[in-house]
Amino acid sequence: MYKLPPLKPLYWVGSAKRDLLKMPDEVITTFGYALHLAQEGKKHAQAKPLKGFYGAGVLEIVEDHVGDTYRAIYTVKNPDGIYVLHCFQKKSTQGIATPKRELDLLAERLKLVLNRIEGAFND
């Protein structure tokens, strides 16, 4: 009998889960499926590395819905699980670039995750 491999645990950083649940149902479904694939060790077709954040270790999913753009950003390179760093609606009117305030929050949350992991392996 074929046995499915175990799913990696999913951890939410800061307000990421609350922010996701405020989004439209269609966006939640897309992001939820992408995170499930990450837990299986797979990558959603829309997932791409977030520039400036450790290469492919930090991925983002972008979903457009009724003229609005939503993003979910998570890290997959950690041995203990998938960390959802941030979910937000992009409100910048200056192209497709991620707004600086969002990048600053991501950097802060990623640092927290990396410090937690480093501490766990140094105990």
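A few points on the structure. Everything numeric here is computed off the predicted structure, so don't read it as measured data.

1. Things to note about unusual backbone geometry
In step 1: Residue Val66 is not a glycine yet carries a positive backbone phi of 50°.
In step 2: Following the sequence through the fold, Val66 ends up in the loop between β3 (58-65) and β4 (68-75).

2. Notes on the pattern of salt bridges
In step 1: Under the counting rule described, the total for this entry stands at three salt bridges.
In step 2: In this structure, Arg71 engages Glu60 in a salt bridge whose closest nitrogen and oxygen atoms are separated by 3.5 Å. In this pair, Arg71 sits in strand β4 while Glu60 sits in strand β3, placing the two residues 11 residues apart along the sequence. Comparing Arg71 with Glu60 shows no difference in burial state: the two are buried.
In step 3: Put simply, Glu102 and Arg101 hold a salt bridge, and the shortest N to O gap is 3.8 Å.
In step 4: You can call Glu102 buried: its relative accessible area is 10%.

Cut-offs and rules
Residues numbered from 1 in each chain as written. Predicted model: local features only at pLDDT ≥ 70, side-chain atom pairs only at ≥ 80, totals over all residues. Heavy atoms only, no water. Helix = DSSP H or I, 4+ residues; strand = E, 2+ residues; numbered from the N terminus. Salt bridge = Lys/Arg side-chain N within 4 Å of Asp/Glu carboxyl O. Buried < 20%, exposed > 50% of the residue type's maximum accessible area, 1.4 Å probe, protein only.

Bear in mind that shape data such as this cannot, by itself, settle questions of function.
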